Each structure stands twice: as C-alpha cells, then as structure tokens.
Amino acid sequence: MPESVYKILSQAAYAAMKTDGRFAGSADDLRDGFIHLSADHQLEGTLAKHFAGQDRLVLLALDPERLGPSLKWEPSRGGALFPHLYAPLDLAAVLWAQKLTLGEGGRHVLPEGMLA
C-alpha cells in the first residue's frame, strides 16, 4: 500500500471540510458513488484532465490506513488502478494539505519532492 493517496479540492471545499470534520464528496464523487482519489504518479493527469487552469485548489495527502477498508483500488482512466473511497473523507485521514499554484502554461505546480 502506498504511503499516501491524494484528493484535490477547492479551497472553499477544504475550508468546509475543516469545519465539518469530513468531506462527503464533490458533485462528480456523489454522482459516481465514491470519492475520487489519485496516487502520486496520477496527479499530473488528474489535474490536467479535471482541473486544468483552475486556481484556488488544495492538494490533500491522505493516510490509506486511516481510510480503512472503504478505500478500494479499481480500474479507471486507461485501465489503470485508481484509489476510490466508498465513505465520507474524514479530516483525521489528512496527513497534510497544500495550496496548489499555477505555473507556466497554466499547469499546476506540485509540492517539492513530488512528481512534476
């Protein structure tokens, strides 16, 4: 199991999560019946496909062990296995949160030490 899995949220959704203690999901998550997450090597593709040019985003690193058995790895984009959470995302699972900035060409800049 990886050390972390990741969720990308708007800053407003993250602020609400901190107040509520959990995140029930975005419109896409609620439609699909699970919270969409990414592994580290999937972040660039997720950002480009679903968040291109958007600012005011936050990247959350999540502890897979704290997510428990509700975390499933399932085929998604291109048949690759993606982490999906079949429960609300509890604030206690967040290892760290960092605002994402837009760099050259409108691409998001990932935190130092992560794939970019």
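Everything that follows concerns the structure shown earlier in this document.
Analysis parameters
Residues numbered from 1 in each chain as written. Predicted model: local features only at pLDDT ≥ 70, side-chain atom pairs only at ≥ 80, totals over all residues. Heavy atoms only, no water. Phe/Tyr/Trp six-rings, centres within 6.5 Å; stacked < 30°, edge-to-face > 60°. Helix = DSSP H or I, 4+ residues; strand = E, 2+ residues; numbered from the N terminus. Buried < 20%, exposed > 50% of the residue type's maximum accessible area, 1.4 Å probe, protein only. Arc of directions from axis to C-beta. Contact = heavy atoms within 4.5 Å. Pairing = 2+ DSSP bridges. Axes fitted to C-alpha atoms, helices over the stretch in contact; angles between N-to-C directions. Salt bridge = Lys/Arg side-chain N within 4 Å of Asp/Glu carboxyl O.

Some remarks on the packing of aromatic side chains
Two aromatic rings are characterised by how far apart their centres lie and by the angle between their planes.
Next, step 1: Inspection of every chain in the model, using the stated rule, returns 2 aromatic pairs.
Next, step 2: Aromatic pair Y6 and W96: ring centres 6.1 Å apart, planes at 55°, arrangement tilted. One end of the pair, Y6, is in strand β1 (residues 5-10); the other, W96, is in strand β8 (residues 94-102), with 90 residues separating them in the sequence.
Next, step 3: In this structure Y6 comes out as buried when scored by relative accessible area, which is 9%.
Next, step 4: Owing to a relative accessible area of 33%, W96 belongs among the partly exposed residues under this scheme.

Regarding helix α3 (residues 43-50)
Next, step 1: Considered for burial, the residues of α3 that qualify are L43, T46 and L47. When α3 is viewed along its axis, its buried side chains cluster within an angular range of 95° and face the same direction. The exposed set on the far side of α3, more than 90 degrees from its buried face, consists of A48 and K49.
Next, step 2: Looking at the buried positions of α3, the neighbouring elements they touch are β1, β4 (57-62), β6 (81-85), β8 and β9 (108-109).

Overview of the sheet that holds β4
Next, step 1: Strand order in the open sheet formed by 4 strands is β1-β4-β8-β9, with antiparallel pairing between adjacent strands. Since the sheet does not close on itself, it has two edges, and those belong to β1 and β9, each with one partner.
Next, step 2: The sheet contacts of helix α1 (residues 11-20) involve β1, β4 and β8, and relative to β1 the element is tilted by about 105°.
Next, step 3: The strands touched by α3 within the sheet are β1, β4, β8 and β9, with β1 carrying the most contacts at an inclination of about 25°.

A closer look at α1
Next, step 1: If you check which residues of α1 are buried, you get Q11, A13, Y14 and M17. All buried residues of α1 lie within an arc of 160° about the axis, which places them on one face of the element. Among the exposed residues of α1, those pointing more than 90 degrees away from its buried face are A12, T19 and D20.

A closer look at the pattern of salt bridges
Next, step 1: This model, assessed by the stated rule, comprises 5 salt bridges.
Next, step 2: Among the salt bridges present, the one from D28 reaches R31, with a minimum N-O distance of 2.9 Å. Linking D28 with R31, this pair stays in helix α2 (residues 27-32), spanning 3 residues, or about one helical turn.
Next, step 3: Given the relative accessible area of 59%, R31 is considered exposed.
Next, step 4: One salt bridge connects E44 with R107, and the closest N-O pair in it is separated by 2.8 Å.

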